[in-house]
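If you want the building blocks of each chain, they are given just below.
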Amino acid sequence: MIEGPYFVLVVLGALACGLVAGAFVAFSTFVMKGLAALPPAQGIAAMQSINVKAVTAGFMAVFMGAAGLTAVVAVVTFVLWPDEGTVELLLGSALYLFGSFGVTVAANVPRNDALAKLDAQAPQSADHWRTYVSEWTMWNHIRVGASLAASASFILALT
């Protein structure tokens, strides 16, 4: 049984991954659909603004905090190698670190960086916007699943 500070660490990891999953699911289920329904110039401008605000303290504390917590859970699990929950703890850590954080760095951020360089009013930006929405959302769905599965894995480790 996981106990003491290790228990608290795993609970905090599960909560952080769940919070991130909630933020990502909002984008997958209605934010991107709402932005895609706007004229391209307005959708581009809105997403450019969202991307600037996303890297402020509030979201980054949760997103990066979850990455830190899951990394610490993985290290502590390797060091302690508990009798129960080891697979779930390592799986949860890997799911978040690779499926959420890693996908963000490798897929979503580069798309955001390219979008930031677009002139929202330029006619050729409309085609890029449609591709951006489709690809960014598909990668975001993966982040939702990975974050939620990481949270579930940590919870299962505690049972």
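Residues numbered from 1 in each chain as written. Predicted model: local features only at pLDDT ≥ 70, side-chain atom pairs only at ≥ 80, totals over all residues. Heavy atoms only, no water.

*Asks:* If you had to explain the side chain of N140 to someone new, which residues and values would you point to?
*Replies:* Looking at the element boundaries, N140 is found in helix α5 (residues 125-157). Excluding residues within four positions of it along the chain, N140 makes contact with F24, F27, S28 and N108. (Helix = DSSP H or I, 4+ residues; strand = E, 2+ residues; numbered from the N terminus. Contact = heavy atoms within 4.5 Å.)

*Asks:* Quick one: what's the story with the side chain of R143, residue by residue and with numbers?
*Replies:* Inspection of the secondary structure assignment puts R143 in helix α5. Although R143 lies buried, it forms no salt bridge, and the closest oppositely charged side chain, D113, sits 12 Å away as judged by the N-O distance. Ignoring anything within four residues of it in the chain, the contact list for R143 reads F24, G99, S100, V103, T104, N108 and W136. (Buried < 20%, exposed > 50% of the residue type's maximum accessible area, 1.4 Å probe, protein only. Lys, Arg positive; Asp, Glu negative; His and termini not counted. Salt bridge = Lys/Arg side-chain N within 4 Å of Asp/Glu carboxyl O.)

*Asks:* Talk me through the environment of V75; I want residue IDs and the actual numbers.
*Replies:* In this fold, V75 is placed in helix α3 (residues 57-80). For the pair V75 and S93, spaced 18 residues apart in sequence, the C-alpha to C-alpha distance is 9.5 Å.

*Asks:* Residue-level account of the packing of helix α4 (residues 86-116) against α5, with values.
*Replies:* Helix-helix packing is described using two parameters, namely the angle between the two axes and the distance between the axes. Their axes nearest at 8 Å, the elements α4 and α5 cross at an angle of 165°. If you check the angle between α4 and α5, you find them roughly antiparallel. For the pair α4 and α5, the sense of crossing is left-handed. Class assignment of the residues belonging to the contact of α4 with α5 gives a composition of 19 nonpolar, 11 polar and four charged. (Axes fitted to C-alpha atoms, helices over the stretch in contact; angles between N-to-C directions. Parallel < 35°, antiparallel > 145°, perpendicular 65-115°, else oblique. Left-handed = near helix turned anticlockwise from the far one by under 90°. Nonpolar A, V, L, I, M, F, W, Y, C, P; charged D, E, K, R; others polar.)

*Asks:* Explain the nonpolar core to me, using residue names and the numbers behind them.
*Replies:* Membership of the largest hydrophobic core comes to 20 residues, with the highest contact counts inside it found for V10, L89, Y96 and F154. When contributions to this core are tallied by element, the ones reaching two or more residues are α1 (4-37), α3, α4 and α5. The greatest single-element share of this core, amounting to eight residues, is contributed by α1. Not counting the four nearest positions on each side in its chain, L89 is found in contact with I2, Y6, V10, V73, T77, P82, F154 and A157. Counting 12 residues, the second largest nonpolar core, distinct from the first, contains M32, L115, A120 and W129. (Core = buried A, V, L, I, M, F, W, Y, C linked by side-chain atoms within 4.5 Å.)

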